[in-house]
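Residues per chain are reported as follows:
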Amino acid sequence: FQSLQLALFCLSAIVLAVVSIPWILLLLIPLAFLFLRTRRQYLNCSRELKRLEAIAASPIFAEFSSSLAGLTSIRAAGLEDSIQRHFLSLLDKYGRGFFSFLLTARWFGFRLDMQCALLLQAVALLAVALRD
């Protein structure tokens, strides 16, 4: 959702720029190429990170269900601390994948913001330079 919102923000900035200054179309070609390259990098990376996140989530559910099934045996043997440490290590592995996915989403958003800022800076400079 956030990437769609940022893409629409960039699109609205482009439409506003083209309406106000048609010369900005010359800048749009390299910016479109840059946007498509950034989008491709983000999609490839986020797809792999989501896959890794799903792989890391599977053992959590398996461990949780097996711990619930054998709860009386775990308590009788006094292994609560060991099971808890193992479960927390599984949560840490899952958290690394999820945090990496969040970082890539923030990276993509930052890149789109910078591209929009570049476009708006060019519009401002051209508006001052080409005023009647």
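A short tour of the structure in this document, coming up. Please read all numbers here as calculations on a predicted model, not as lab measurements.

## Here we look at the pattern of salt bridges
Moving on, step 1. Evaluated as defined, the whole model comprises two salt bridges.
Moving on, step 2. The salt bridge involving glutamate 48 is made with arginine 51; its shortest N-O contact spans 3.0 Å. With glutamate 48 and arginine 51 both in helix α2 (residues 25-69), this residue pair falls three residues apart, about one helical turn.
Moving on, step 3. Look at glutamate 48 and you get partly exposed, because its relative accessible area is 39%.
Moving on, step 4. Across the pair lysine 50 and glutamate 53 runs a salt bridge whose closest N-O atoms are separated by 3.4 Å. Remark: glutamate 53 and lysine 50 occur in helix α2; sequence separation between them is three residues, near one turn of the helix.
Moving on, step 5. Lysine 50 sits in the partly exposed class, given a relative accessible area of 38%.

## Describing the layout of surface pockets
Any space left empty among the atoms is revealed by the rolling of a water-sized probe across them.
Moving on, step 1. Space inside the largest pocket adds up to approximately 230 Å³.
Moving on, step 2. The wall of the largest pocket is formed by Ala7, Cys10, Leu11, Ile14, Leu28, Leu31, Ala32, Phe35, Gln115, Cys116 and Leu119.
Moving on, step 3. Here the lining of the largest pocket is built from residues that sort into ten nonpolar, one polar and no charged.
Moving on, step 4. The computed volume of the second largest pocket comes to approximately 180 Å³.
Moving on, step 5. Together, Phe64, Ser67, Leu68, Leu71, Ile74, Arg75, Glu80, Ile83, Gln84 and Phe87 line the second largest pocket.

## Digging into α2
For the α-helix, the turn length of 3.6 residues means that residues three or four positions removed from each other point alike.
Moving on, step 1. End to end, α2 covers 64 Å across 45 residues, agreeing with the expected 66 Å (1.5 Å per residue, within 8%).
Moving on, step 2. Within α2 the residues assigned to the buried category are Leu28, Leu31, Thr38, Tyr42, Ser46, Leu49, Glu53, Ala56, Ala57, Ile60, Glu63 and Ser67.
Moving on, step 3. Among the structural elements, α1 (2-20), α3 (71-77) and α4 (80-129) are those in contact with the buried residues of α2.

## Some thoughts on the packing of aromatic side chains
Moving on, step 1. Inspection of the entire model under this criterion finds three aromatic pairs.
Moving on, step 2. Between tyrosine 94 and phenylalanine 98, the aromatic rings sit 6.4 Å apart at their centres with planes inclined by 10°, giving stacked as the arrangement. Placement of the pair is tyrosine 94 and phenylalanine 98 together in helix α4, with a separation of four residues, close to one helical turn.
Moving on, step 3. We note lysine 50 situated over the ring of phenylalanine 101; from NZ or CZ to the ring centre the distance is 4.3 Å.

## Focus on a nonpolar patch on the surface
Moving on, step 1. Taken together, the side chains of Leu4, Leu8, Leu11, Val15 and Val19 make up a nonpolar region of the molecular surface, amounting to roughly 500 Å² of accessible area.
Moving on, step 2. Its place among the elements puts leucine 11 in helix α1.

## Structural notes on the environment of valine 123
Moving on, step 1. Mapped onto the elements of the fold, valine 123 is located in helix α4.
Moving on, step 2. A C-alpha to C-alpha distance of 13 Å links valine 123 and serine 12, two positions 111 residues apart in sequence.
Moving on, step 3. When sequence neighbours within four positions are dropped, the list of residues in contact with valine 123 reads Ala17, Ser20, Ile21 and Ile24.

## Quick word on α1
Moving on, step 1. The terminal C-alpha atoms of α1, which comprises 19 residues, lie 27 Å apart, in line with the 27 Å expected from a rise of 1.5 Å per residue.
Moving on, step 2. Listed as buried for α1 are Leu6, Cys10, Ala13 and Ala17. Projection of α1 onto a plane perpendicular to its axis shows the buried side chains occupying an angular sector of 60°, all on one side. Structural note: α1 exposes Leu4, Leu8, Leu16 and Val19 on the side pointing more than 90 degrees away from its buried face.
Moving on, step 3. Packed against the buried residues of α1 are α4.

Calculation criteria
Residues numbered from 1 in each chain as written. Predicted model: local features only at pLDDT ≥ 70, side-chain atom pairs only at ≥ 80, totals over all residues. Heavy atoms only, no water. Salt bridge = Lys/Arg side-chain N within 4 Å of Asp/Glu carboxyl O. Helix = DSSP H or I, 4+ residues; strand = E, 2+ residues; numbered from the N terminus. Buried < 20%, exposed > 50% of the residue type's maximum accessible area, 1.4 Å probe, protein only. 1 Å grid on protein atoms, 1.4 Å probe; cavity = no way out; pocket = protein on both sides within 12 Å on 5 of 7 lines; lining within 4 Å. Points joined across faces, edges and corners; volume = space filled by probe spheres on them. Nonpolar A, V, L, I, M, F, W, Y, C, P; charged D, E, K, R; others polar. Expected span 1.5 Å × (residues − 1). Contact = heavy atoms within 4.5 Å. Phe/Tyr/Trp six-rings, centres within 6.5 Å; stacked < 30°, edge-to-face > 60°. Lys NZ or Arg CZ within 6 Å of the ring centre and 35° of its normal. Patch = residues over 30% accessible without salt bridge, like charges linked within 9 Å, V, L, I, M, F, W, Y side chains within 5 Å. Areas by Shrake-Rupley, 256 points an atom, 1.4 Å probe, with all protein chains shown as cover. Arc of directions from axis to C-beta.

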